[in-house]
Amino acid sequence: MSDAEELTVHVDTWWRSVGDLLALLDELEPAHWQRPTDLPGWDVRAVAAHIAHLESLLAGGPEETAEVPDAPHITGPMGQFTEIGVLTRRDHAPDEIVAEIRRRTNERHEQLRAAPPTDGASPAPGLFGAIGWNQRTLLRNRPLDVWMHEQDIRRAVGRPGGMDTPGAQHAADYLAEGFGFVVGKRVSPPAGTTAVLEVAGSAPVAVQVGEDGRARRLEDVPAAPTVALAMDRETFIVLAGGRRAVAQGSVVARGDTALAEQIVARLATTP
């Protein structure tokens, strides 16, 4: 697949995910907007405001500033940045936030249709390029971010769904790429350890720890790995996203169960 083809897939997945998010937001009742989400310090309104902020920046909107207070859920420069969009929209009605997401994503989609990105290694626009992101990183992350936040809202308001969309597939496959890092760097089992991640709807991921401590992807899934973890897509997303604990029995482990527990406890690879 060429760069242009790959980036087009990411744009199409983002656009579909935006549509799914907006359809959900349009259905919310007034009381839903104050429901707390799994993201510390953020309710449904804050999640939607965050999306509006990022999509506005990407569509060419002005850089926003706000005095970010000290708070337990705001840690580090990235946390301070993501809080800005929440603060600058704290007086906006929910309908205004939804309208902004719809307007800005339409603008951005038209821009991408008029000038489709063709080089994944080229710098991302604006602030995202300034922090070192290229077009591939940016366009891969947008559907992940939008879909993950759609799920945050769904859990908060008790409306499950959206687990069989392009955004869901993209997010699950993308987050599964971090499995080797979790096993090799966070858990650090002995060299030669093999681990397999089986998420329903995605190809299994098998890694082996080398003498240098790095867990590298295996082309073939070993018949008898040191440990194997199997779970449905929603369980994996919640764990890999660091959202909340899952129900007992949601993860089926084979092999070294003690090692399995260590991996599950460290599976989060995105805030």
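Residues numbered from 1 in each chain as written. Predicted model: local features only at pLDDT ≥ 70, side-chain atom pairs only at ≥ 80, totals over all residues. Heavy atoms only, no water.

Asker: Teacher, can you tell me more about the packing of aromatic side chains here?
Answerer: To describe a pair of aromatic rings, one takes the distance between the centres and the angle between the planes. Applying the stated rule across the entire model yields two aromatic pairs. Judged by centre distance (5.7 Å) and plane angle (45°), the ring pair of W14 and W15 falls under tilted. Residue W14 is classed as buried on the basis of its relative accessible area of 4%. Assessed through its relative accessible area of 28%, W15 is described here as partly exposed. Seen in terms of ring centroids, F128 and W133 are 5.8 Å apart; in terms of plane orientation they differ by 40°. Their pairing is tilted. (Phe/Tyr/Trp six-rings, centres within 6.5 Å; stacked < 30°, edge-to-face > 60°. Buried < 20%, exposed > 50% of the residue type's maximum accessible area, 1.4 Å probe, protein only.)

Asker: For this particular structure, what's the right way to read the pattern of salt bridges?
Answerer: Two side chains of opposite charge can pair, provided their charged atoms sit close to one another. Applying the stated rule across the entire model yields 19 salt bridges. Between R89 and E64 there is a salt bridge; the shortest N-O distance is 2.7 Å. A residue pair is termed long-range when its members are at least 10 positions apart, and R89 in the loop between α3 (76-88) and α4 (94-114) and E64 in the loop between α2 (44-58) and α3 qualify at 25 residues. The exposure class assigned to R89 is buried, which follows from its relative accessible area of 3%. (Salt bridge = Lys/Arg side-chain N within 4 Å of Asp/Glu carboxyl O. Helix = DSSP H or I, 4+ residues; strand = E, 2+ residues; numbered from the N terminus.)

Asker: Even after reading the chapter, I still don't get the packing of helix α7 (residues 166-176) against helix α9 (residues 233-240), so can you show me in this structure?
Answerer: The relative placement of two packed helices is expressed as an angle between their axes plus a distance between the axes. One can describe the packing of α7 onto α9 by two numbers: an axis separation of 10 Å at closest approach and a directional angle of 55°. In terms of orientation, α7 and α9 fall into the oblique class. For α7 against α9, the interelement crossing comes out left-handed. Of the residues in α9, those in contact with A168, Q169, A171, A172, L175 and A176 of α7 are R233, F236, I237 and A240. The residue inventory of the contact of α7 with α9, partitioned by class, reads eight nonpolar, one polar and one charged. (Axes fitted to C-alpha atoms, helices over the stretch in contact; angles between N-to-C directions. Parallel < 35°, antiparallel > 145°, perpendicular 65-115°, else oblique. Left-handed = near helix turned anticlockwise from the far one by under 90°. Contact = heavy atoms within 4.5 Å. Nonpolar A, V, L, I, M, F, W, Y, C, P; charged D, E, K, R; others polar.)

Asker: Looking at this structure, I do not really get unusual backbone geometry. What am I missing?
Answerer: As a rule of thumb, non-glycine residues mostly have phi less than zero, and peptide bonds are mostly trans rather than cis. If you check the backbone angles, S188 has positive phi at about 55° while not being a glycine. In this fold, S188 is placed in the loop between α8 (179-187) and β1 (194-199).

Asker: Before we go on, may I ask you to explain a nonpolar patch on the surface in this structure?
Answerer: On the surface, M78, L127 and I131 cluster together into a nonpolar patch covering about 290 Å² of accessible area. By secondary structure assignment, the location of L127 is in helix α5 (residues 126-130). You can call L127 partly exposed: its relative accessible area is 41%. (Patch = residues over 30% accessible without salt bridge, like charges linked within 9 Å, V, L, I, M, F, W, Y side chains within 5 Å. Areas by Shrake-Rupley, 256 points an atom, 1.4 Å probe, with all protein chains shown as cover.)

Asker: What is the right way to look at the side chain of R233 in this model?
Answerer: With respect to the element layout, R233 can be found in helix α9. Despite being buried, R233 has no salt bridge partner; D173 is the closest side chain of opposite charge, sitting 5.5 Å away. At a separation of 2.8 Å, a polar atom in the side chain of R233 contacts the main-chain carbonyl oxygen of M163. Those residues within four positions of R233 in sequence are excluded, and the remaining contacts are M163, D164, A168, Q169, A172, V199, A200, G201 and S202. (Lys, Arg positive; Asp, Glu negative; His and termini not counted. Polar contact = N/O pair within 3.5 Å; in protein donor to acceptor, adjacent residues only side chain to side chain.)

Asker: How do you make sense of α8 when you look at a structure like this?
Answerer: What sets the pattern is the α-helix's 3.6 residues per turn: residues three or four places apart point alike. Along α8, the positions that sit buried rather than exposed are F179, G180, V182, V183, G184 and V187. Residues of α8 that are buried sit in contact with α7, β1, β2 (205-209), β3 (215-217), β4 (227-231) and α10 (257-265).

Asker: I'm lost on the nonpolar core in this one. Help?
Answerer: Within soluble globular proteins, side chains that are nonpolar generally end up buried alongside one another. Counting 31 residues, the largest nonpolar core has F179, F236 and I263 as the members making the most contacts within it. Listing elements by their share of this core, those giving two or more residues are α6 (135-157), α7, α8, β1, β2, β4, α9 and α10. At six residues, the largest contribution of residues to this core is made by α7. Ignoring anything within four residues of it in the chain, the contact list for I263 reads F179, V182, V183, V187, A195, V227 and L229. L25, L139, V146 and V157 belong to the second-largest nonpolar core, a separate cluster that totals 29 residues. (Core = buried A, V, L, I, M, F, W, Y, C linked by side-chain atoms within 4.5 Å.)

Asker: Looking at this model, I keep getting lost on the pairing of β2. Mind explaining?
Answerer: Where a strand is regular, its side chains alternate between the two sheet faces. The buried fraction of β2 is high, at four of five residues. Sheet topology places β1 next to β2; four bridges connect them, and they run antiparallel. Within β2, the residue paired with A195 across the bridge is V207. Adjacent in sequence and paired antiparallel, β1 and β2 are bridged by five residues, among which G201 carries a positive phi angle near 95°. Relative to β3, β2 is paired through three bridges, and the arrangement is antiparallel. (Pairing = 2+ DSSP bridges.)

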